[in-house]
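# Structural features, examined
Given next are the chains, with one letter for each unit.
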Amino acid sequence: QVQLVESGGGLVQAGGSLRLSCVASGTIFSINVMGWYRQAPGKQRELVGLITTAGTTNYANSVKGRFTISRDNAKNTVYLQMNSLKPEDTAVYYCNVDLVGGRAHSRHDYWGQGTQVTVSS
């Protein structure tokens, strides 16, 4: 009923940039907070950044000044622009969307399938 499809991951050199996209599709009544998380091998999943309906953003200290989260409500899409990438940014990145949708129009968190970001030195 609701699906999040991510794209934009890949292999880049340190100092490079990537732009991740996550599109929510299906029956969606409203979208609340949207965010990006990442999980490196052997590490806990951590919040990278989030954005509210009003456009307020929060970022992990490790990515402040380098990553920018944005959203396009008309396209049900959240983006993560990643600049000045470092090897320690290597992880699987997941989008998360808090929304009301599905056949019952119920509120749930939905997760993307994850996209691999690898930064080489």
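Structural notes, computed from the coordinates. (Residues numbered from 1 in each chain as written. Predicted model: local features only at pLDDT ≥ 70, side-chain atom pairs only at ≥ 80, totals over all residues. Heavy atoms only, no water.)

### Concerning the nonpolar core
Counting 28 residues, the largest nonpolar core has W36, F67, V78, L80, M82 and Y93 as the members making the most contacts within it. Every element with two or more residues in this core is listed here: β1 (2-7), β3 (18-26), β4 (28-39), β5 (46-51), β7 (67-72), β8 (77-82), β9 (91-101) and β11 (115-120). With five residues, β9 is the single largest residue contributor to this core. Sequence-distant contacts of V78, that is, excluding residues within four places in its chain, are made with L20, S21, C22, M34, W36, I51, I69, S70, R71 and C95. (Core = buried A, V, L, I, M, F, W, Y, C linked by side-chain atoms within 4.5 Å. Buried < 20%, exposed > 50% of the residue type's maximum accessible area, 1.4 Å probe, protein only. Helix = DSSP H or I, 4+ residues; strand = E, 2+ residues; numbered from the N terminus. Contact = heavy atoms within 4.5 Å.)

### Remarks on unusual backbone geometry
Within the chain, S84 stands out as a residue other than glycine whose phi angle is a positive 50°. Counting through the fold element by element, S84 comes out in the loop between β8 and β9. According to the relative accessible area criterion, S84 is partly exposed, its value standing at 42%. Phi is positive for H105, which is not a glycine, with a value near 55°. Looking at the element boundaries, H105 is found in the loop between β9 and β10 (106-111).

### What about the packing of aromatic side chains?
Overall, the coordinates contain one aromatic pair when judged by the stated rule. Lying across the ring of Y94, R45 places its NZ or CZ 3.8 Å from the centre. (Phe/Tyr/Trp six-rings, centres within 6.5 Å; stacked < 30°, edge-to-face > 60°. Lys NZ or Arg CZ within 6 Å of the ring centre and 35° of its normal.)

### So, the pattern of salt bridges
Scanning all chains against the criterion turns up four salt bridges. Where E46 meets R38, a salt bridge forms, and the shortest distance between an N and an O atom there is 2.8 Å. Owing to a relative accessible area of 7%, R38 belongs among the buried residues under this scheme. A salt bridge links R66 to D89; the shortest N-O distance between them is 2.8 Å. Of this pair, R66 sits in the loop between β6 (57-59) and β7 while D89 sits in the loop between β8 and β9, and the two are 23 residues apart along the sequence. Neither R66 nor D89 differs from the other in exposure class; each is buried. Beyond isolated ion pairs, a larger network of salt bridges with shared partners links R38, E46, R66 and D89. (Salt bridge = Lys/Arg side-chain N within 4 Å of Asp/Glu carboxyl O.)

### A closer look at the pairing of β7
Taking every second residue as pointing to the same face, the buried face of β7 carries F67, I69 and R71, while none of T68, S70 and D72 on the other face is buried. As paired elements, β7 and β8 share six bridges and run antiparallel to each other. Across the sheet, the residue bridging to F67 is M82, located in β8. The turn linking β7 back onto β8 is made up of four residues, and N76 within it adopts a positive phi angle of 50°. (Pairing = 2+ DSSP bridges.)

### Notes on the side chain of T115
Topologically, T115 is positioned in strand β11. Given a relative accessible area of 12%, T115 falls into the buried group. Once residues within four sequence positions are removed from consideration, T115 is found in contact with E6, G9, L20, A91, V92 and Y93.

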